[in-house]
Amino acid sequence: MLKKNIPFSLTLILIASLLSACGGGDTKIVERDPVPIDHDHDHDHDHDHDHDHDDELTQGRLLISAQNQAKISIFDIKDKALLEEFTLTESASAVYASPSYRYGYVIQRTADRVNVIDSGLSQEDHGDHKDDVIAAPLWMSFSATNSRPTHFTGNTTQSVIFYDGNAATTTAASVGVYTESDIANNTAGTRLEYTTHMHGAAQGRGDYLISTVRDAATTSTLPDRVALYKANAGFFTEQTVFTETCPGLHGSAQNENQIAFGCTDGVLVITQNGDAFTAEKIANPANFDTTKRVGTLLGSDDVMEFVGIAASEFYAVNTSTNQLTAINWIDANTSPAPSALAYGFADGGELFVILDSQGWLTLLNTNDWSVKSRIQAVTSNIAALPSGSRFELALTPGHIAYVSDPIANQIKAIDLDESTVSTSLQLNFVPNKFTWLGIADPQGSHH
């Protein structure tokens, strides 16, 4: 939930420095007096106050890949300006933000490559206050070239990439766990090396990693077990393999103290209590047939329940009652019924957002999974959608979401509190994958 603005006095200090980024640029350090933060704020919105962004230094930046092109661009949202364009090895298969939203991971799966771009927006911590820093985007020296980077997960301090490996070349799978310090200092992070390929999943928990195990003798590329690993000298070593099985494992998520994995027969839940990890299984509901299973999971530290997706339907996964409860998000009057394209938790975990194939956003209240509102983000003629394109969603740490419109080559900005839509960016290319980057909590505008 966005915190209310807090009055403050400020002094602007502009420091020009030569950057090594492409094209160079000025770095602006915005130094501020110490700002007291009221942590006991309520959740009621004073909209006139919360949404007065005139004094904000920036609304953030968008890292946008081009459809079927080996390039990626970074735009300033407030100025609607292209800041930099970078050439890739191949068209990006996915892009993700780092935990602080400063860096953007660019995944090029079949090129076996992960690159990182510095948005140029960051903060310097001076103890009693922080300074917002605005600089030019920068292509980082940090990269990873492991086989088939596929699944990306993260927590508040770590980014985790599962590399599937390659059966055709007998290349084994691996996992890389990276901090923002690894990116800044171009260090390798912490790695887990397997002896066989697999389409696996991993979740980082500080010094621990919960990751999948596959029997190399099986024909399936999907694992069926989960193990606990611990970091030691840059690598993870196995601590234990949980006895509970998870056949056909696909999809994982975590919240404050639990990690969940999707299985063909239910959901495997690992609970962490300090250094102790225990496992239990939530069985599929009786109305699931043999072909229906949870294959995607989402979690938030601010929400007790997970969200699971089974056969394109959404379920609340309650680990206290060990039940999966259907989430009814589709308007019964909509025909044909839309399919979900992208989704995620937003607004401090108070909302769950679903972008559908008809260009609408559905906002769910996570306290009871009721529909709060529906917003038509895309108004273009859907029949004109370019081949191979679809609408994509980028969520910010606050109450703004972005939706791509490959038909009009636009990025739409959606205010989730006000249910308003505006054109944030007009592009001269067809947008593909994208993410929001920026300062999650600017000192100039405490949300």
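Source: prediction; values computed, not measured. (Residues numbered from 1 in each chain as written. Predicted model: local features only at pLDDT ≥ 70, side-chain atom pairs only at ≥ 80, totals over all residues. Heavy atoms only, no water.)

Colleague: An account of the confidence of the model for the chain is requested, with residue identities and associated values reported.
Modeller: When the pLDDT values of the chain are averaged, the result is 89; 86% of them are 70 or greater. Per-residue pLDDT stays below 50 along residues 1-25; that stretch engages in 67 contacts with residues further than four places along the chain or on separate chains. (pLDDT = per-residue confidence, 0-100. Contact = heavy atoms within 4.5 Å.)

Colleague: Explain the pairing of strand E36 (residues 431-437) to me, using residue names and the numbers behind them.
Modeller: With respect to burial, E36 is a largely interior element, six of its seven residues being buried. Sheet analysis places strand E3 (residues 61-66) next to E36, joined by five bridges and oriented antiparallel. Looking at E36, one finds that Leu62 is bridged to Trp436. (Buried < 20%, exposed > 50% of the residue type's maximum accessible area, 1.4 Å probe, protein only. Helix = DSSP H or I, 4+ residues; strand = E, 2+ residues; numbered from the N terminus. Pairing = 2+ DSSP bridges.)

Colleague: Tell me about the packing of aromatic side chains, and please be specific about residues and values.
Modeller: Under the definition given, this model contains 14 aromatic pairs. Taken together, a centroid distance of 5.3 Å and an interplanar angle of 80° make the contact between Phe142 and Tyr178 edge-to-face. Remark: Tyr178 occurs in strand E14 (residues 174-178) and Phe142 occurs in strand E11 (residues 138-144); sequence separation between them is 36 residues. Counting every residue linked through ring pairs, the aromatic cluster contains Phe314, Trp329, Tyr343, Phe345, Phe352 and Trp369. (Phe/Tyr/Trp six-rings, centres within 6.5 Å; stacked < 30°, edge-to-face > 60°.)

Colleague: Break down the sheet that holds strand E29 (residues 351-356) for me, citing the residues and quoting the values.
Modeller: Pairing is antiparallel in the open sheet, where four strands are placed in the order E28-E29-E30-E31. The open sheet is flanked by strand E28 (340-346) and strand E31 (371-376), the only strands paired with a single partner. Strand-to-strand, the axes of this sheet are offset by a mean angle of 15°, without reference to chain direction. For E28 and E29, the ladder comprises six bridges, and the chain directions are antiparallel. Bridge pairing links Ala340 to Asp356 in E29. (Axes fitted to C-alpha atoms, helices over the stretch in contact; angles between N-to-C directions.)

Colleague: Please set out the nonpolar core residue by residue, giving values where relevant.
Modeller: Judged by nonpolar contacts, the single largest core of 18 residues is most densely connected at Val353, Leu361, Leu393, Val403 and Leu416. Elements with a contribution of two residues or more to this core: E28, E29, strand E30 (360-365), strand E32 (393-395) and strand E33 (400-405). In this view, Val403 contacts Leu355, Leu361, Ala377, Val378, Glu392, Leu393, Gln410, Ile411, Lys412, Ile414 and Phe434; residues no more than four positions away in its chain are not counted. Of all hydrophobic cores here, the second largest spans 15 residues; its members include Tyr208, Phe242, Phe261 and Ile270. (Core = buried A, V, L, I, M, F, W, Y, C linked by side-chain atoms within 4.5 Å.)

Colleague: Can you explain the pairing of strand E35 (residues 420-426)? Please cite residues and give values.
Modeller: Bridge analysis of strand E34 (residues 410-415) against E35 gives six bridges, and the strand direction is antiparallel. The partner of Ala413 across the bridge, within E35, is Ser422. The turn linking E34 back onto E35 is made up of four residues, and Ser419 within it adopts a positive phi angle of 55°.

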